[in-house]
Amino acid sequence: MLTGCGRSPNGSGGRVTLTHWYHQYGETGTQDAVVRYAQEYTKLHPDVDVQVVWVPGDYHTKLATALLTSGGPDIFESQLSVPMVTAEQVVPLDDLFTPETRRDFSERDLASNSVNGKIYGIKMLDDTGVLYYRKSLLDTAGLQPPTTMDGLIDAAKKLTSSTRKGLFLGNDGGISALLTIGPWSAGSDFLVGDKIVFDNPRTVAFYDKLRALNDAGALLIGAPTDWWDPSALTQGLTVMQWGGLWAFPAIHKALGDDVGGMGWPAFDEGGKPVTFLGGWSAMVNAQSRHIEEAKRYVKWLWIDNKKIQQDWCLSYGFHVPPRISAARSAAPLRAPLPALAMKNLEVYGRFLPPAWNSAMNTALTDAVTNILKQGRPAADEIHAAAKKCERELKRLLE
Amino acid sequence: MQSTDTHLNANHARKFSRRERSATLAFWAFVAPMVIGLTVFTLIPIVWGFLLSLSHAQNTIHVGHFIGLANYQDLLTDEQFLRSLWTVVIFALFIVPLTYVVSLSLALLVNRVGWGRPFFRTVFFLPSAVSYVVASLIWRVSLFNGLPFGFANKVISAFGVGPIAWIGTVNPPWYWLVLVTARLWLQVGFYMIIFLAGLQEIPRSVYEAAAVDGADRGWAVLRHITLPQLRNTSISVLLLNLIAAFQAFDEFYNILGGSGASVGNTALARPPLVYLYGLALSDQDFGRGTAGAFILTMLIFAVTLIQGRILGFGQAD
């Protein structure tokens with residue numbers, strides 16, 4: 001759907017039209033909001049029109065295809081990958097930051113958008129994960145929020161009854177939701193620099209434990225919605241659920257104060273709690289005919305304009321504004337649970353670097369599926385997946 | 001006289017050549033769009049795709065960085081890709097015979113119905129008009145969800161069996177039931193129509209002669225008259241069905257993964273097109289993506305050829 005924005009009164013030459021692509025956000029009002037921001041920019045810069053394109057469906061495929069041609073958008077949102085940089089699809093945006101604004105973005109938000117020390121994306125919103133639980137049901141069972149994986153398995157078992165399960169991690173038993181979260185909670189990692197590092201006993205130990213959790217009969221499997229949707233928790237199908245902070249308003253509305261939240265618990269005494277850093281970043285197409293205008297617009301929208309960032313992150317859905325000062329001054333994030341989630345993100349937030357691609361993700365996912373569902377030895381599967389990831393990484397960095 | 005003849009001949013030749021020219025023009029007017037369409041949308045992409053399959057084409061569709069057969073070699077030693085080929089073979093082993101038997105049985109039943117035949121024909125054909133994506137979502141979210149109130153679980157609870165997580169369960173692999181029934185429901189009506197057309201082609205006189213010779217109307221007639229007369233129809237149904245099975249994507253993508261679902265179950269049964277979709281469209285590795293497409297095409301070609309040879313496709317009755 002194309003939404004053109006206001007023309008200048010004289011319609012004279014020398015005008016620039018920038019095309020800005022967004023994927024279709026589910027939250028009501030988001031499309032009107034981005035059109036409004038674009039109109040605001042045109043009001044301030046009458047020689048620049050911004051045409052917002054709201055892309056429904058498989059956004060990443062459509063974007064990737066458009067970037068192969070000269071007809072792609074000037075500005076788009078995405079997650080940065082190394083091939084986008086090596087194929088020269090994006091331009092560096094380092095010069096848009098002042099030392100002060102640069103300090104106001106977390107190191108993680110900058111690092112997840114950097115390749116070889118250059119910043120290619122400006123974070124538009126931060127997402128993070130929360131392990132939600134029904135306080136009253138934990139109280140009734142005489143349980144404290146679990147602090148280790150063993151504690152979590154134990155609690156999930158005790159909270160399971162004939163009508164509801166103890167824990168929901170997605171319909172694949174947590175394979176995709178915990179694929180990286182789990183080994184991080186055990187102190188392992190995936191890709192550091194140009195090395196694949198997950199082939200170690202801690203990763204294996206976590207996936208073995210995840211199999212034990214799957215075999216315990218305490219996980220909800222086959223729910224109509226998946227882990228990122230709060231319905232399983234709000235409809236009482238489960239007592240605990242791993243989900244996103246974005247689901248907090250719906251959960252709070254349904255359960256009131258009978259909900260607590262925490263990061264993913266540490267694997268054991270040697271591990272530490274963890275949560276993910278996700279979200280979207282704005283980038284400028286290197287093939288754009290108006291790179292400078294596009295950069296100025298992105299700077300105005302996602303670096304300078306804190307009011308818009310708060311509106312964008314918190315008026316429609318529930319996300320953390322990437323500018324630290326914008327997040328700290330946002331009233332909705334001061335409620336106890338969101339404040340805790342934000343703190344967790346700051347202290348324990350993890351992300352996969354831009355060199356991690358979906359072929360690596362598929363290799364690891366397949367290995368974990370084999371461990372969990374087919375009962376294959378975890379060490380062998382992880383070793384084979386790491387070898388495959390090394391080959392993929394080598395190909396990628398060629 | 002001769003001059004008149006020459007004049008007539010010249011006139012005739014002129015007329016003929018004008019007619020010939022206009023026929024040629026008409027020929028190209030009708031054929032050109034098809035030839036241009038075929039060239040632009042089929043031939044060039046095939047040639048381009050083949051050149052890409054010989055290139056290192058990461059995040060680009062430009063041909064140039066040739067690496068020989070490395071993409072093919074890479075895929076043929078890639079355990080995940082080989083497993084995906086195996087997956088689609090298993091799927092074909094389930095779905096092809098099942099579709100054949102069910103659609104033929106339905107066609108025989110509908111053909112015998114004296115009253116309301118158009119009604120039954122339409123009812124059985126209707127699912128063919130349903131989108132694979134929509135049907136997959138209904139199968140995943142509604143019929144075969146793992147909750148006690150899911151349709152399939154309600155049915156088995158009547159027999160005292162507890163709820164089953166149909167899609168995630170590996171022992172036994174219930175997800176095959178979900179995948180196979182979805183496609184069966186979607187395509188059986190279409191093949192039933194083909195069989196019905198085949199059945200109506202069989203002359204009544206053959207059945208009358210059989211009756212005169214004392215053949216029963218039951219099994220013997222089916223085995224010795226109906227099935228042999230349906231041989232070419234059967235072969236077409238089997239071939240079409242097999243090719244469609246090898247191209248499976250929608251129900252695997254949408255039931256085991258796809259938007260709105262965790263991807264952990266996709267590894268349980270990932271057909272080649274789902275694997276190649278990830279390679280080419282998620283990772284933008286068009287070199288390996290196209291190489292995989294050519295390998296799959298060759299496989300379909302080989303299997304179709306073997307099947308045609310075994311069943312005697314195209315041979316005279």
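J.: Please give an account of the overall build of chain A that cites residues and values.
T.: Helices and strands together make up the secondary structure of chain A, namely 17 helices and 16 strands. Scaling as 2.2 N^0.38, a compact globule of 398 residues should have a C-alpha radius of gyration of about 21 Å, and chain A matches this with 22 Å. For chain A, the spread of C-alpha atoms along the three principal axes comes to 70 × 50 × 40 Å. By the burial criterion, 58% of the 398 residues in chain A qualify as buried. Contacts in chain A between residues at least 24 apart in sequence constitute 75% of all its contacts with a sequence separation of at least 6. Accessible surface, chain A as shown: approximately 15800 Å² in total, 52% of it carbon and sulfur. Where the 40 positive side-chain charges of chain A centre and where its 43 negative ones centre are 1 Å apart.

J.: Pulling in residues and values, what's your account of the overall build of chain B?
T.: Looking only at helices and strands, chain B has 13 helices and zero strands in total. For chain B, the succession of helices and strands along the chain, N to C, is α-α-α-α-α-α-α-α-α-α-α-α-α. Against the 2.2 N^0.38 benchmark of 20 Å for 317 residues, chain B shows a C-alpha radius of gyration of 27 Å, more extended than a compact globule. Oriented by its inertia axes, the alpha-carbon framework of chain B measures out at about 105 × 75 × 35 Å. For chain B, with 317 residues in total, the buried portion stands at 41%.

J.: Residues and numbers for the nonpolar core, please.
T.: Tyr22, Phe198, Met240, Trp242, Trp264 and Tyr297 of chain A are the most contacted members of the largest nonpolar core, which totals 129 residues. Taken domain by domain, the makeup of this core includes at least three residues from each of domain 1 (2-126 + 279-342) and domain 2 (129-276 + 357-397) of chain A. Leu75, Leu85, Phe249 and Tyr275 of chain B belong to the second largest nonpolar core, which has 59 residues in total.

J.: Outline the interface of chain A and chain B, listing residues and values.
T.: Across the boundary between the two partners, chain A contributes 38 residues, which contact 37 residues of chain B. For the pair chain A and chain B, the summed buried surface comes to about 3000 Å²; carbon and sulfur atoms form 48% of the total. Its largest share of buried area at the contact with chain B, chain A owes to Leu68, Lys373 and Arg395 of chain A, together 21% of the area lost on that side. Inspection of the chain A/chain B interface yields four salt bridges. Between the two partners, chain A and chain B, sit 20 residue pairs in polar contact (both at pLDDT 80 or more). Going through the elements one at a time, helix H2 (59-67), helix H3 (82-86), helix H16 (358-373) and helix H17 (378-397) of chain A are the ones with two or more residues in the side of chain A that touches chain B. In terms of residues, the side of chain A that touches chain B owes the most to one element, H16 of chain A, which gives nine residues. When grouped by side-chain class, the residues that make up the side of chain A that touches chain B number 16 nonpolar, 13 polar and nine charged.

J.: Describe the packing of helix H12 (residues 291-304) of chain A against helix H13 (residues 306-314) of chain A, with residues and values.
T.: Residue and element names in this part refer to chain A. Look at H12 against H13: their axes get within 6 Å of each other, and the N-to-C directions meet at 70°. Between H12 and H13, the interaxial angle falls into the category roughly perpendicular. Across from Trp300, Leu301, Trp302, Ile303 and Asp304 in H12, the residues of H13 making contact are Lys306, Ile308, Gln309 and Trp312. Taken together, the residues that form the contact of H12 with H13 break down as six nonpolar, one polar and two charged.

J.: Describe the domain arrangement of chain B, and please don't skip the residues or the numbers.
T.: When the parts of a complex come together, some accessible area is lost, and that lost area is often used as the size of the interface. All names here are of chain B. Assigned domains of chain B: these are domain 1 (1-53) and domain 2 (74-311). Between the C-alpha centres of domain 1 and domain 2 the distance comes to 43 Å. Taken together, the five residues of domain 1 in the interface contact five residues of domain 2. For the pairing of domain 1 and domain 2, the buried interface totals around 370 Å² over both sides, and the portion due to carbon and sulfur atoms is 80%.

J.: Could you give an account of the sheet that holds strand S9 (residues 165-168) of chain A, with specific residues and numbers?
T.: All names here are of chain A. Strand order across the open sheet formed by four strands is S9-S12-S8-S13, with mixed pairing between neighbours. A single partner strand is all that each edge strand has here, and the edge strands are S9 and strand S13 (260-262). Neighbour-to-neighbour, the strand axes of the sheet open up by a mean angle of 20°, direction not taken into account. Pairing analysis gives three bridges linking S9 to strand S12 (residues 238-244), with the strands arranged parallel.

J.: Could you give me a rundown of the pairing of strand S3 (residues 48-55) of chain A, with the residues and numbers involved?
T.: All names here are of chain A. With seven of eight residues buried, S3 is to be regarded as a mostly interior element. As defined by bridge partners, strand S2 (residues 16-23) adjoins S3 across eight bridges and the pair is classed as parallel. Following the sheet pairing, His23 is matched in S3 by Val55. As a crossover connection, the stretch from S2 through helix H1 (residues 30-44) into S3 is right-handed.

J.: Can you lay out the domain arrangement of chain A for me, pointing to particular residues and giving the numbers?
T.: All names here are of chain A. Along its sequence, chain A is carved into domain 1 (2-126 + 279-342) and domain 2 (129-276 + 357-397). Listed as interface residues are nine residues of domain 1 and, on the opposing side, 12 residues of domain 2. A buried area of about 860 Å², summed over both sides, lies between domain 1 and domain 2, and 86% of it is on carbon and sulfur atoms. Interface area lost by domain 1 to domain 2 is led by Phe318, Leu337 and Ala341, which between them contribute 57%. Counting across the domain 1 and domain 2 interface gives zero salt bridges. Counting every contact that joins domain 1 to domain 2 gives zero residue pairs in polar contact (both at pLDDT 80 or more).

J.: Explain the environment of Trp219 of chain B to me, using residue names and the numbers behind them.
T.: Examined against the element boundaries, Trp219 of chain B turns out to sit in helix H9 (residues 219-229). Taking the C-alpha atoms as reference points, Trp219 of chain B and Gln247 of chain B, 28 residues apart in sequence, are found 35 Å from one another.

J.: So what's going on with the side chain of Asn285 of chain A? Residues and values would help.
T.: As for its position among the elements, Asn285 of chain A is in the loop between strand S15 (278-284) and H12. A residue is classified by how much of its surface remains accessible, and Asn285 of chain A, at 1% relative accessible area, is buried.

J.: Give me the lowdown on the packing of helix H3 (residues 79-112) of chain B against helix H10 (residues 231-246) of chain B, citing residues and values where you can.
T.: Residue and element names in this part refer to chain B. Packing of H3 against H10 leaves a shortest axis separation of 9 Å and a crossing angle of 145°. Crossing geometry of H3 relative to H10 is assigned as right-handed. The residues of H10 that touch H3, namely those facing Val88, Val89, Phe91, Ala92, Ile95, Val96, Thr99 and Tyr100, are Ser234, Val237, Leu238, Asn241, Leu242, Ala245 and Phe246. Considering only residue class, the contact of H3 with H10 consists of 12 nonpolar, three polar and no charged.

J.: Requested: an account of the side chain of Arg288 of chain B, with residues and values cited.
T.: With respect to the helices and strands, Arg288 of chain B occurs in helix H13 (residues 286-311). At 2.8 Å, the side chain of Arg288 of chain B and the side chain of Glu392 of chain A are in polar contact. What Arg288 of chain B contacts, discounting residues up to four positions off in sequence, is Glu392 and Arg395 of chain A together with Asn71, Asp74, Leu75, Leu276 and Leu279 of chain B.

J.: Would you mind going over the packing of aromatic side chains in detail, with residue names and values included?
T.: Across all of its chains, the model carries 40 aromatic pairs over all chains by this definition. Summarising the aromatic geometry, the rings of Tyr25 of chain A and Trp312 of chain A are spaced 4.7 Å apart at their centres and angled 80° between planes, so their arrangement reads as edge-to-face. One end of the pair, Tyr25 of chain A, is in the loop between S2 and H1; the other, Trp312 of chain A, is in helix H13, with 287 residues separating them in the sequence. Like Tyr25 of chain A, the residue Trp312 of chain A is buried in the burial classification. Ring plane angle 85° and centroid distance 4.9 Å describe the contact between Phe91 of chain B and Phe252 of chain B, whose orientation is recorded as edge-to-face. Residue Phe91 of chain B is located in helix H3, and its partner Phe252 of chain B is located in helix H11 (residues 250-256); the two are separated by 161 residues in the primary sequence. Here Phe91 of chain B matches Phe252 of chain B in class, with each residue buried. Feature note: the residues Tyr22, Tyr25, Tyr37, Trp54, Trp302 and Trp312 of chain A constitute an aromatic cluster, connected by ring pairs.

What counts as what
- Residues numbered from 1 in each chain as written.
- Chains lettered and ligands numbered in written order.
- Predicted model: local features only at pLDDT ≥ 70, side-chain atom pairs only at ≥ 80, totals over all residues.
- Heavy atoms only, no water.
- Helix = DSSP H or I, 4+ residues; strand = E, 2+ residues; numbered from the N terminus.
- Rg over C-alpha atoms; globule rule 2.2 N^0.38 Å.
- Buried < 20%, exposed > 50% of the residue type's maximum accessible area, 1.4 Å probe, protein only.
- Contact = heavy atoms within 4.5 Å.
- Areas by Shrake-Rupley, 256 points an atom, 1.4 Å probe, with all protein chains shown as cover.
- Lys, Arg positive; Asp, Glu negative; His and termini not counted.
- Charge placed at Lys NZ, Arg CZ, Asp CG, Glu CD.
- Core = buried A, V, L, I, M, F, W, Y, C linked by side-chain atoms within 4.5 Å.
- Domains from an automatic or database assignment.
- Buried area = accessible area lost by both parts, 1.4 Å probe.
- Salt bridge = Lys/Arg side-chain N within 4 Å of Asp/Glu carboxyl O.
- Polar contact = N/O pair within 3.5 Å; in protein donor to acceptor, adjacent residues only side chain to side chain.
- Nonpolar A, V, L, I, M, F, W, Y, C, P; charged D, E, K, R; others polar.
- Axes fitted to C-alpha atoms, helices over the stretch in contact; angles between N-to-C directions.
- Parallel < 35°, antiparallel > 145°, perpendicular 65-115°, else oblique.
- Pairing = 2+ DSSP bridges.
- Right-handed = clockwise from strand over helix to strand, strands pointing away.
- Left-handed = near helix turned anticlockwise from the far one by under 90°.
- Phe/Tyr/Trp six-rings, centres within 6.5 Å; stacked < 30°, edge-to-face > 60°.

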